[in-house]
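# A closer look at the structure
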Amino acid sequence: MCPRFDLLGASSGQCLLLFGKSFRIEVVLAQKDSADWAYRGEGAVNLVLAYTGSSPSFVGKVLRIHKAPRNGSPGASIPTLLSTHEQLLWRDIDGIVSSPNKEIAAQLYVPHVMSPLLGPKYVDPGRPTWRADAGKVDTHQDSVLLLTDHSLFPHGTLKGQPCISVEIKPKCGFLPVSRFISERNATKRSITRFRMHQFLKLHQGQIPELSEYNPPDLFSKSKDRIYKAMNDLFTTPQNNFRVFLNGSLVFGQLGGIAHATNLVISEAFEDALKSVCLINSDLFRRGLQTRLNLKLLVL
Ligand SMILES: O=P(O)(O)O[C@@H]1[C@@H](OP(=O)(O)O)[C@H](OP(=O)(O)O)[C@H](O)[C@H](OP(=O)(O)O)[C@H]1OP(=O)(O)O
Ligand SMILES: Nc1ncnc2c1ncn2[C@@H]1O[C@H](COP(=O)(O)OP(=O)(O)OP(=O)(O)O)[C@@H](O)[C@H]1O
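Described in the following lines is the structure provided in the data block. Model, not experiment: these values are computed from the prediction. (Residues numbered from 1 in each chain as written. Chains lettered and ligands numbered in written order. Predicted model: local features only at pLDDT ≥ 70, side-chain atom pairs only at ≥ 80, totals over all residues. Heavy atoms only, no water.)

## Quick notes on the overall build of the protein chain
The helix and strand tally for the protein chain stands at nine helices and ten strands. Out of the 299 residues belonging to the protein chain, those deemed buried represent 40%. Pairs at least 24 residues apart make up 53% of the contacts formed inside the protein chain by residues separated by at least 6 positions. Carbon and sulfur atoms provide 56% of the accessible area of the protein chain, an area that totals close to 17300 Å². (Helix = DSSP H or I, 4+ residues; strand = E, 2+ residues; numbered from the N terminus. Buried < 20%, exposed > 50% of the residue type's maximum accessible area, 1.4 Å probe, protein only. Contact = heavy atoms within 4.5 Å. Areas by Shrake-Rupley, 256 points an atom, 1.4 Å probe, with all protein chains shown as cover.)

## So, the packing of aromatic side chains
Under the counting rule described, the total for this entry stands at nine aromatic pairs. Ring centres 5.3 Å apart and planes at 75 degrees place the aromatic pair W90 and Y109 in the edge-to-face group. Remark: Y109 occurs in helix 2 (residues 102-118) and W90 occurs in helix 1 (residues 84-90); sequence separation between them is 19 residues. By relative accessible area, which is 30% here, Y109 ends up partly exposed. With a centroid separation of 5.8 Å and an interplanar angle of 70 degrees, the aromatic rings of F241 and F251 are classed as edge-to-face. (Phe/Tyr/Trp six-rings, centres within 6.5 Å; stacked < 30°, edge-to-face > 60°.)

## Examining a positive patch on the surface
On the surface, a cluster of positive charge is made up of K169, K171, K188 and R193. Among the secondary structure elements, K171 is positioned in the loop between strand 8 (164-168) and helix 4 (193-203). Accessibility expressed as a relative area gives 36% for K171, which makes it partly exposed. (Patch = residues over 30% accessible without salt bridge, like charges linked within 9 Å, V, L, I, M, F, W, Y side chains within 5 Å. Salt bridge = Lys/Arg side-chain N within 4 Å of Asp/Glu carboxyl O. Lys, Arg positive; Asp, Glu negative; His and termini not counted. Charge placed at Lys NZ, Arg CZ, Asp CG, Glu CD.)

## Focus: the sheet that holds strand 10 (residues 248-251)
Taken in spatial order, the three strands line up as 8-9-10 in an open sheet, and their pairing is antiparallel. Each edge of the open sheet is held by one strand with a lone partner, namely strand 8 and strand 10. Recorded for the sheet is a direction-independent mean angle of 35 degrees between the axes of neighbouring strands. Relative to strand 9 (residues 241-245), strand 8 is paired through five bridges, and the arrangement is antiparallel. (Pairing = 2+ DSSP bridges. Axes fitted to C-alpha atoms, helices over the stretch in contact; angles between N-to-C directions.)

## Examining the site of ligand 1
G43, A44, V45, R131, K169, K171, R193, H197, K201 and N239 make up every residue found near ligand 1. A distance of 2.6 Å is found between an oxygen atom of ligand 1 and a side-chain nitrogen or oxygen belonging to R193. For ligand 1, an oxygen atom lies 2.8 Å from a polar atom in the side chain of K201. Its free accessible area being 590 Å², ligand 1 has 54% of it covered by the protein chains. At three residues, helix 4 tops the list of elements feeding residues into the shell around ligand 1. Looking at the shell around ligand 1 residue by residue, the classes come out as two nonpolar, three polar and five charged. Taken domain by domain, the makeup of the shell around ligand 1 includes at least three residues from each of domain 1 (17-74 + 132-148) and domain 3 (164-298). (Near = heavy atom within 4 Å. Polar contact = N/O pair within 3.5 Å; in protein donor to acceptor, adjacent residues only side chain to side chain. Nonpolar A, V, L, I, M, F, W, Y, C, P; charged D, E, K, R; others polar. Domains from an automatic or database assignment.)

## With respect to the environment of I93
Summarising the element assignment, I93 is placed in the loop between helix 1 and helix 2. Classification of I93 as partly exposed rests on a relative accessible area of 23%. As for I93 and L108, which are separated by 15 residues in sequence, their C-alpha atoms are 9.0 Å apart. Beyond its immediate chain neighbours, meaning those up to four positions away, I93 contacts H112 and V113.

## Observations regarding the pattern of salt bridges
Counted according to the given criterion, the structure contains nine salt bridges. Here D217 makes a salt bridge to K228, at a shortest N to O gap of 4.0 Å. Here the residue D217 occupies a position in helix 5 (residues 215-218), and K228 occupies one in helix 6 (residues 223-235), the gap between them amounting to eleven residues. For K228, a relative accessible area of 40% translates into the label partly exposed.

## Brief notes about the environment of T192
With respect to the helices and strands, the residue T192 is situated in the loop between strand 8 and helix 4. In the structure, T192 is positioned 18 residues away from F174 in sequence and 7.1 Å away in space, judged by C-alpha atoms. In this structure T192 touches L175, N214, P215 and P216, once residues within four positions along its chain are discounted. A polar contact is formed between the side chain of T192 and the backbone nitrogen of R195, at a distance of 3.1 Å.

## Points about the pairing of strand 9
It is a general feature of regular strands that their side chains alternate between the two faces of the sheet. Counting buried residues in strand 9 gives five out of five residues, a clear majority hidden from the surface. With burial as the criterion, each face of strand 9 is covered, one bearing F241, V243 and L245 and the other bearing R242 and F244. In terms of strand pairing, strand 9 meets strand 10 through three bridges, oriented antiparallel. Looking at strand 10, one finds that F244 is bridged to L249. Hairpin connection between strand 9 and strand 10: a loop of two residues separates the two successive antiparallel strands, and N246 in this loop has a positive phi of roughly 50 degrees.

Worth remembering: the numbers are spatial, not functional.
The structure is reproduced here in structure tokens:
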């Protein structure tokens, strides 16, 4: 019988077989192994764990695990406003009182309260609760995907050198021109799906503010517009933009929606980059260097 695998709450008797690209790995994970796997992120369908241990078979790998969606639309959080007392308590903390629901308020508590108090490297942003509510890991599956961790340089490359990786979810970058779009829906020809979806998400309390990002900018082939897109992603990253340093998130939100970038978030990011980039601190203070670094990183 396979040993019990408890990393994600699998019931007794279940085992986890790992599949590489085209071969089956004869390794079974047990409860004791769970300490070596850290939450890396998730989407609507999969949850991803990164390996933090020292076994050569897993260094530089992530596990991508299928989720079983619960009934109802995934991610549609029910807007619940803060109580009067909570509003009084948090009134001086940027954005918390104006959050459309408690979930977003709770997310803001991490970067706005705990991170400045303890220092960002001591604060784990954790798994967004609305993700946990929207879908549990499918524990009936007996296998998961073992993939290369793309936030790190491949095994052995540039050993000892810092690795900065940028994740962009660009979304659909063009306007449809189909003749099948009725006059009633003519807006679709001039306003991107992303933009329309932003208004819907704001209305449903899924995002704290509209994104400034406009997908066609990123695909425009114009350097200025691409730079604008990067700037906008930096300003309102939501779930479209993340930066990792040596596999750890230094900007954006793991598995969820990041709030608009304020001075505290921007400075924490700059501090993280400062440890690996030569920077001019005067420029940093004026908030220019981050944008410059992004330009260097991405273009
Ligand atoms: O339809 P959209 O534009 O909301 O995109 C969904 C994404 O939402 P977003 O608006 O980017 O937050 C959604 O992203 P999140 O899980 O919300 O981060 C998924 O990527 C979803 O793909 P799938 O259904 O899991 O294959 C995406 O669905 P598909 O468009 O791929 O069906
Ligand atoms: N191979 C990988 N290396 C490093 N990080 C990864 C890898 N695969 C996924 N991730 C991280 O995990 C997150 C969630 O993974 P992924 O997008 O595959 O989930 P999903 O449920 O299929 O997405 P969605 O349904 O939202 O399209 C990603 O946003 C990324 O940050």
